[in-house]
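Chain and residue survey
Here is how the chains run, residue by residue.
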Amino acid sequence: MNKVRIAVIGCGRIGQMHARNIDLHEKTTLSCVYDVNSEFAEKISRELNVFSVQNVEEIFNNNEIDAVLVSSPTNTHIDFIEKSVAAKKPVLCEKPIDLDIDKVNQCYERLKGNTIPIQLGFNRRFDPGHQAAKHSLMNGDIGELHQCIITSRDPGLPSWDYLKVAGGQFRDMTIHDFDMARFMLGEEPVKIFAISNALINPKIKSELNDSDTLMIIMETASGKQCHINNSRSATYGYDQRVELFGSKGMVISDNRKPHELKKYNSEYVEKQEPYLNFFIERYQEAYMNSITSFVETILEKKPVSVSFDDGRRALILAEAAYKSVKSGKFENIN
Ligand SMILES: NC(=O)c1ccc[n+]([C@@H]2O[C@H](COP(=O)([O-])OP(=O)(O)OC[C@H]3O[C@@H](n4cnc5c(N)ncnc54)[C@H](O)[C@@H]3O)[C@@H](O)[C@H]2O)c1
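Residues numbered from 1 in each chain as written. Predicted model: local features only at pLDDT ≥ 70, side-chain atom pairs only at ≥ 80, totals over all residues. Heavy atoms only, no water.

So, helix 9 (residues 174-185)
Spelled out, the test is: In this text, helices come from DSSP runs of H or I with a minimum length of four residues, and strands from runs of E with a minimum of two, each type numbered from the N-terminal end. For a helix, the expected span equals 1.5 Å multiplied by the number of residues minus one. Buried residues are those whose accessible area, probed at 1.4 Å on protein chains only, stays under 20% of the maximum for their type, while exposed residues exceed 50% and partly exposed ones sit between those limits.
With 12 residues, helix 9 extends 16 Å between its outermost C-alpha atoms, agreeing within 8% with the 16 Å of an ideal straight helix rising 1.5 Å per residue. Counting buried residues along helix 9, 12 of its 12 residues qualify, which places the element largely inside the surrounding structure. Within helix 9, the full set of buried residues consists of T174, I175, H176, D177, F178, D179, M180, A181, R182, F183, M184 and L185.

Below is the structure:
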């Protein structure tokens, strides 16, 4: 196999981007696309000149499709992961696995012994800046890691319709940061304290019992500390920073701008372009690199880079955060 033939399920915001990336990637071919709303599938099928199938089973039954990328809504992920595994097709599935930890644990049990690769869509692990921070830590540049500080703020509130079904800020948004924390810390957090509120739109709390602004601290068994802060609306743009502080120094994976031009005049100095707008732009390379990692698992038999269990553990941290918000205390993480 020279190129991995991949089908995309779900052609919404992120699915269209994945389809374009698969089409562009030198080691993959976009086999076909499927969306329950055929208009979405047909739009991308016309743009990229690929088939759009009418029934998702056509993907699982087709021997000329090697692998599947799932970018349909979260409540469909477990079903499509299990169907891919049953059809012996490696699957790259968007985050989160599901919003219900019990369903995720049950699926985890059912999949025990499975050897078909399942990669989770925690794209930020593949961001060049965040990866460089991790490499720097592993190379010993900052000595022993003491603290990991993750700032993740969206440029604006999503739609009300999105918020109604998103499953809560910790499960929908912070899930990426929980994964980043585990990735950087290199060990599991054992204690968590979280606070959350709706400071941007109070109706998010009163009507949806959800939050738009939150802070978390966590500790690992060896005493490493991690802080995460999230906002659904930063007026200055998509704010994505990771700081690692250790016994010998610090590294920061910083925000990104389209270029580094600075303007100066009588009214301002060092005026720069705004940050790259949102996840599709900011993490463009990361999404492509996650496809490369998926391909390396399939073609070179490399271990899965972000496993089903990574997805499950991030959700366990989200559940523990909700528990802490409710109790107002530190919670142990099982
Ligand atoms: N990794 C990331 O950075 C990232 C970013 C955004 C979204 N996501 C995740 O990706 C998934 C999709 O999010 P989105 O923002 O693209 O949503 P979206 O609503 O824009 O797109 C989802 C698409 O799936 C289609 N769909 C619905 N049910 C389906 C089914 N049963 N089979 C096939 N297609 C179906 C819809 O018609 C829609 O076109 C979610 O799980 C979300 O959490 C991940």
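After that view of the structure, there is still more to cover.
Considering the packing of aromatic side chains
Aromatic ring pairs are reported here in terms of the distance separating the ring centres and the angle at which the planes meet. Threshold: Stacked, tilted and edge-to-face are the three classes assigned to paired rings of Phe, Tyr and Trp, where Trp is represented by its six-membered ring and a pair needs centres within 6.5 Å; plane angles under 30 degrees give stacked, over 60 edge-to-face, the rest tilted. Either the NZ atom of lysine or the CZ atom of arginine qualifies as a charge over a ring when it sits within 6 Å of the ring centre and within 35 degrees of the ring normal.
Under the counting rule described, the total for this entry stands at eight aromatic pairs. Between Y108 and F308, the ring centres sit 6.2 Å apart and the planes meet at 15°, which makes this aromatic pair stacked. A residue pair is termed long-range when its members are at least 10 positions apart, and Y108 in helix 5 (residues 101-110) and F308 in helix 13 (residues 308-327) qualify at 200 residues. With centroids separated by 6.3 Å and ring planes inclined at 80°, the aromatic side chains of Y236 and Y275 adopt a geometry described as edge-to-face. With a gap of 39 residues between them, Y236 in the loop between strand 10 (225-231) and strand 11 (239-246) and Y275 in the loop between strand 12 (249-253) and helix 11 (279-282) connect regions that are remote in the sequence. Among the aromatic residues, those joined into a cluster by ring pairs are Y238, F278, F279 and Y283. When the ring centre of F183 is taken as origin, the NZ or CZ atom of K134, which lies over that ring, is 5.0 Å away. For the cation-ring pair, R312 lies above Y108, with the distance from its terminal atom to the ring centre recorded as 4.0 Å.

Section: unusual backbone geometry
Cis geometry marks the peptide bond from K95 to P96, where omega comes out at -20°. Tracing the sequence through the fold places P96 in the loop between strand 5 (91-93) and helix 5. Within the chain, N209 stands out as a residue other than glycine whose phi angle is a positive 55°. You can see N209 is positioned in the loop between helix 10 (203-206) and strand 9 (213-220). A positive phi angle, close to 60°, is found at K301, a residue other than glycine. Here K301 shows up in the loop between helix 12 (284-300) and helix 13. On the basis of relative accessibility, which here comes to 69%, the residue K301 falls in the exposed class.

Re the domain arrangement of the protein
The line we're drawing: The split of the chain into domains comes from an automatic or database domain assignment. Contact definition: two residues touch when any of their heavy atoms are within 4.5 Å. Two parts lose some accessible area (1.4 Å probe) when they are put together, and adding that loss for both gives the buried area.
Partitioning the protein into domains gives domain 1 (4-116) and domain 2 (126-276 + 313-332). Computed from C-alpha coordinates alone, the two centres of domain 1 and domain 2 are separated by 28 Å. The interface of domain 1 with domain 2 comprises eight residues on the first partner and 11 residues on the second. Buried area between domain 1 and domain 2, both sides added, is near 690 Å², and the carbon and sulfur share of it is 70%. The three residues of domain 1 that bury the most area against domain 2 are K95, L99 and I101, which together make up 72% of that side's buried surface.

Observations regarding the site of the ligand
To be explicit about the condition: Whether a residue is near a molecule or strand is decided by its heavy atoms; if any one of them lies within 4 Å of it, the residue is near. The term polar contact refers here to a pair of N or O atoms within 3.5 Å; inside protein, the definition further demands a hydrogen-donor-capable atom paired with an acceptor-capable atom, and it admits residues adjacent in sequence only when both atoms are side-chain atoms. We get accessible surface area from the Shrake-Rupley algorithm with a probe of 1.4 Å; when it comes to residues, only the shown protein chains can shield them. Amino acid classes used here: Ala, Val, Leu, Ile, Met, Phe, Trp, Tyr, Cys and Pro are nonpolar; Asp, Glu, Lys and Arg are charged; the rest, including Gly, are polar.
Near the ligand, the surroundings consist of 26 residues, among which R13, D35, T74, E94 and Y287 are the closest. Here an oxygen atom of the ligand and a side-chain polar atom of T74 are 2.8 Å apart. In isolation the ligand has 850 Å² of accessible area, and contact with the protein removes 82% of it. Put simply, the parts of the chain that give the shell around the ligand at least two residues each are helix 1 (13-24) and helix 4 (77-86). Each residue belonging to the shell around the ligand can be placed in one class, and the counts come to 11 nonpolar, 11 polar and four charged.

Looking at the packing of helix 5 against helix 13
Using the following cut-off: Only C-alpha atoms enter the line fits that serve as axes; for helices the fit covers just the stretch in contact. Angles between N-to-C directions range over 0 to 180 degrees. In these notes the angle categories are as follows: under 35 degrees is roughly parallel, over 145 is roughly antiparallel, 65 to 115 is roughly perpendicular, and the rest is oblique. For any helix crossing, the convention is left-handed if the near helix is rotated counterclockwise from the far helix by under a right angle, and right-handed if that rotation is clockwise.
Interaxial distance between helix 5 and helix 13 falls to 10 Å at its minimum, and their mutual angle equals 155°. Viewed along their axes, helix 5 and helix 13 adopt a mutual orientation that is roughly antiparallel. Crossing of helix 5 over helix 13 shows left-handed handedness. Residue-level contacts link I101, V104, N105, C107 and Y108 of helix 5 to F308, D309, R312, L315, I316 and E319 of helix 13.

Notes on the environment of V36
Note that V36 resides in the loop between strand 2 (28-34) and helix 2 (38-48). V36 sits in the exposed class, given a relative accessible area of 77%. It is 16 Å that separates the C-alpha atoms of V36 and I78, two residues lying 42 residues apart in sequence.

Brief notes about the packing of helix 9 against helix 13
Put simply, helix 9 and helix 13 touch, their axes get as near as 9 Å, and they point 115° apart. With respect to helix 13, the element helix 9 is oriented roughly perpendicular. Along this stretch, helix 9 crosses helix 13, giving a crossing that reads as right-handed. Together, I175, F178, D179 and R182 of helix 9 and D310, R313, A314, L315, L317, A318 and A321 of helix 13 make up the contact between the two elements.

Details of the state of the cysteines
Operational definition: Two cysteine sulfur atoms form a disulfide, by the criterion used here, when they sit within 2.5 Å.
Counted according to the given criterion, the structure contains zero disulfides. For the unlinked cysteine C11, the closest cysteine sulfur is that of C32, found at 9.3 Å. In this structure C226 is a free cysteine whose sulfur lies 4.1 Å from that of C148, the closest cysteine sulfur available.

Focus: the nonpolar core
Convention followed: For this analysis, a nonpolar core means a set of buried residues of the types Ala, Val, Leu, Ile, Met, Phe, Trp, Tyr and Cys, connected via side-chain atoms within 4.5 Å.
Within the largest apolar cluster, 68 residues are counted, with the highest numbers of intra-cluster contacts made by I59, I81, F178, I216, M218 and L244. Here the element with the most residues in this core is helix 13; it accounts for eight residues. When residues are assigned to domains, this core turns out to be shared by domain 1 (4-116) and domain 2 (126-276 + 313-332), each giving three or more. Not counting residues within four places of it along the chain, the set of residues in contact with M218 comprises F178, A181, P189, K191, I192, K224, Q225, C226, I228 and L317. Within the second largest apolar cluster, 19 residues are counted, among which are A19, I22, A41 and I298.

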